[in-house]
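Structural features, examined
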Amino acid sequence: MNVVTAVIKGRHSVRKFKSDPVDETVIHDAIKCAVHAPTAMNLQPWLIGVIRSKELLDKIADFTDHGKFIKDAPVCFAVFGERNAKYYLEDCCAATENLILGLQAYGVGSCWVAGEKKEYAEAVRKLLNVSEKYTLVALVPAGLPQDISLASKKDVKKMVFFNTCDQGQL
Ligand SMILES: Cc1cc2nc3c(=O)[nH]c(=O)nc-3n(C[C@H](O)[C@H](O)[C@H](O)COP(=O)(O)O)c2cc1C
């Protein structure tokens, strides 16, 4: 078994966390993974917030529609992208996934909570005192998993083609 593919395939969204804090070294290493992501023209157009204040976690959770569980996470990352960078969304999504996998490598569960297209994006930015140069791309609450629900995945055969696409296969 390849250790990297095992980490990738072992990842599932976690929405119930133990109250234990996430180790500082894990947080730092996961952020290093995030900022190691590829970016268009190597702009690295991001800003990553690490939120551990209970008061801020409660407020962020209240802003969201499908992220109320942020309240009970020991930490929540907020990935912001520089609006002026043409590919900030792709860049920040790559960083978000690297962050999630960096956490998963240490057994820390997390869940990507939508940011960029949500009405609450501006409220989160203002709450965290982030310059309007940036926009929220993702929230990633994280912690040791208390409960993991396994999402079903589509059949790979129906989502992949080699060379040209055989419409009958889909
Ligand atoms: C862009 C994006 C936005 C998401 N937003 C939310 C969200 O707001 N709340 C939530 O509970 N999960 C959210 N998710 C997590 C998905 O629901 C989850 O990835 C999907 O159900 C598949 O489950 P898995 O992550 O366990 O494979 C989001 C995932 C992505 C990629």
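Residues numbered from 1 in each chain as written. Predicted model: local features only at pLDDT ≥ 70, side-chain atom pairs only at ≥ 80, totals over all residues.

1. Details of the nonpolar core
Core analysis: the biggest nonpolar cluster contains 34 residues, and Cys76, Ala78, Val79, Leu99, Leu139, Val140 and Ala142 have the highest contact counts within it. Elements that contribute at least two residues to this core include exactly strand S1 (14-17), helix H2 (24-34), strand S2 (46-51), strand S3 (75-82), helix H4 (88-104) and strand S6 (134-143). With 7 residues, the single largest contributor to this core is S6. If near-sequence neighbours (up to four positions away) are discounted, Ala142 is found in contact with Val22, Ala73, Val75, Phe77, Leu103, Val108, Gly109 and Ser110. (Core = buried A, V, L, I, M, F, W, Y, C linked by C-beta atoms within 7 Å. Buried ≥ 20, exposed ≤ 12 C-beta atoms within 10 Å, placed from the backbone. Helix = DSSP H or I, 4+ residues; strand = E, 2+ residues; numbered from the N terminus. Contact = placed C-beta atoms within 7 Å.)

2. Looking at the packing of H2 against H4
Packing of H2 against H4 brings their axes to within 7 Å, and their N-to-C directions diverge by 145 degrees. Handedness of the H2/H4 crossing: right-handed. Residue-level contacts link Val26, Asp29, Ala30, Ile31, Cys33 and Ala34 of H2 to Ala95, Asn98, Leu99, Leu101, Gly102 and Leu103 of H4. Of the residues in the contact of H2 with H4, the class split is 9 nonpolar, 2 polar and 1 charged. (Axes fitted to C-alpha atoms, helices over the stretch in contact; angles between N-to-C directions. Left-handed = near helix turned anticlockwise from the far one by under 90°. Nonpolar A, V, L, I, M, F, W, Y, C, P; charged D, E, K, R; others polar.)

3. Section: the pairing of S3
Taken across its 8 residues, S3 has 7 buried, putting it largely inside the fold. Across 6 bridges, the pairing between S2 and S3 is antiparallel. Its bridge partner lying in S3, Leu47 is registered against Phe80. Where S3 meets S6, 8 bridges bridge the pair, whose relative direction is antiparallel. Considered in S6, the bridge of Gly81 is made with Thr135. (Pairing = 2+ DSSP bridges.)

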